[in-house]
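Okay, here's what each chain looks like letter by letter:
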Amino acid sequence: EAQVTQNPRYLITVTGKKLTVTCSQNMNHEYMSWYRQDPGLGLRQIYYSMNVEVTDKGDVPEGYKVSRKEKRNFPLILESPSPNQTSLYFCASSFRGTNEKLFFGSGTQLSVL
Amino acid sequence: DAKTTQPNSMESNEEEPVHLPCNHSTISGTDYIHWYRQLPSQGPEYVIHGLTSNVNNRMASLAIAEDRKSSTLILHRATLRDAAVYYCILRDKFNSGGSNYKLTFGKGTLLTVNP
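The paragraphs below set out a description of the structure included in this document. (Residues numbered from 1 in each chain as written. Chains lettered and ligands numbered in written order. Predicted model: local features only at pLDDT ≥ 70, side-chain atom pairs only at ≥ 80, totals over all residues. Heavy atoms only, no water.)

This next bit is on the overall build of chain A. Of the regular secondary structure elements, chain A holds 0 helices and 11 strands. Each helix and strand of chain A, ordered N terminal to C terminal, gives the series β-β-β-β-β-β-β-β-β-β-β. In terms of C-alpha radius of gyration, chain A reaches 13 Å, essentially the compact-globule figure of 13 Å for 113 residues. For chain A, the accessible area works out to roughly 5,300 Å², and carbon and sulfur atoms hold 50% of it. Side chains of chain A carry 13 positive and 10 negative charges; the gap between the two charge centres is 4 Å. (Helix = DSSP H or I, 4+ residues; strand = E, 2+ residues; numbered from the N terminus. Rg over C-alpha atoms; globule rule 2.2 N^0.38 Å. Areas by Shrake-Rupley, 256 points an atom, 1.4 Å probe, with all protein chains shown as cover. Lys, Arg positive; Asp, Glu negative; His and termini not counted. Charge placed at Lys NZ, Arg CZ, Asp CG, Glu CD.)

Take a nonpolar patch on the surface next. Residues I12(A), V14(A) and L113(A) make up a contiguous nonpolar surface patch of roughly 330 Å² in combined accessible area. By secondary structure assignment, the location of I12(A) is in strand 2 (residues 10-13). (Patch = residues over 30% accessible without salt bridge, like charges linked within 9 Å, V, L, I, M, F, W, Y side chains within 5 Å. Salt bridge = Lys/Arg side-chain N within 4 Å of Asp/Glu carboxyl O.)

Of all hydrophobic cores here, the largest spans 21 residues; its most connected members are L20(B), I33(B), W35(B), L73(B), L75(B), Y86(B) and L111(B). Secondary-structure elements contributing two or more residues to this core are strand 2 (18-23), strand 3 (31-38), strand 4 (45-50), strand 6 (61-64), strand 7 (70-75), strand 8 (84-92) and strand 9 (109-114) of chain B. Broken down by element, the residue count for this core peaks at 4 residues, all from strand 8 of chain B. Beyond its immediate sequence surroundings of up to four residues, L75(B) is in contact with E16(B), P17(B), V18(B), M59(B), A60(B), D82(B), Y86(B) and L111(B). Core analysis: the second largest hydrophobic core is formed by 19 residues, C23(A), Y47(A), L78(A) and Y89(A) among them. (Core = buried A, V, L, I, M, F, W, Y, C linked by side-chain atoms within 4.5 Å. Buried < 20%, exposed > 50% of the residue type's maximum accessible area, 1.4 Å probe, protein only. Contact = heavy atoms within 4.5 Å.)

The next point concerns the interface of chain A and chain B. Contacts between the two partners involve 21 residues from chain A and, on the opposite side, 22 residues from chain B. Regarding the contact of chain A and chain B, the summed buried area is about 1,800 Å², with carbon and sulfur atoms giving 51% of it. The largest contributions to the chain A side of the interface with chain B come from L43(A), T98(A) and N99(A), which together make up 34% of the buried area. Residue K102(B) pairs with D59(A) through a salt bridge whose shortest N-O separation is 2.6 Å. Inspection of the chain A/chain B interface yields 14 residue pairs in polar contact (both at pLDDT 80 or more). Mapped by element, the contributors of at least two residues to the side of chain A that touches chain B are strand 4 (31-38) and strand 5 (42-51) of chain A. (Buried area = accessible area lost by both parts, 1.4 Å probe. Polar contact = N/O pair within 3.5 Å; in protein donor to acceptor, adjacent residues only side chain to side chain.)

This part covers the sheet that holds strand 5 (residues 55-56) of chain B. All names here are of chain B. Judged by pairing direction, the sheet is antiparallel, and its 4 strands sit side by side in the order 2-7-6-5 without closing on themselves. Each end of this open sheet is capped by a strand with a single partner; those strands are strand 2 and strand 5. Pairing of strand 6 with strand 7 involves 4 bridges; the strand directions are antiparallel. Counterpart to I64 in the pairing with strand 7 is S71. (Pairing = 2+ DSSP bridges.)

Right under this line is the structure:
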């Protein structure tokens, strides 16, 4: 089944403790992206990647890092999480092109205490 | 990306058709109209998209006004599983913003389906 898999589904951590949220897709998509969703602010893009080793900032990249060493994986790294990064995170992927469907993962609910 | 306007919420009854409107008066000639929906506790999912002609797929139909300043997503027989937030999004065919294929989400329309 074609899917985008994120792990973990829920994560509670403390300020400053490095964490990684994994994202993997099995559709051979070149394009991958991370979004965060907050009440009243909607979905906002954090980072995106056009292909292996090609990443760039989205609208809200501060405090996040990403890497794209393999085509299928696009982890989101919070090196020193802060409470304002408490949010619902979604990974998405697609083939290249603005008319391609974006496929989203089920989300990771992160709480930073 | 051009802006879209949708009602905050709509209500429907199960097994009845639902028409979800979207206004996009500043749409450009190269903007495609995309619809996504987000079910509770899930990530957004693609529903349908079109440019000028009406479009149908297994999930829904998309009716586009002749002047393209508005469109309507039609769910032919709403089920409880269709309760979700529906987003109308414009995407530039030529991706003038660069190589980023991001979706710019607005607030969407919260659809409630009554049994």
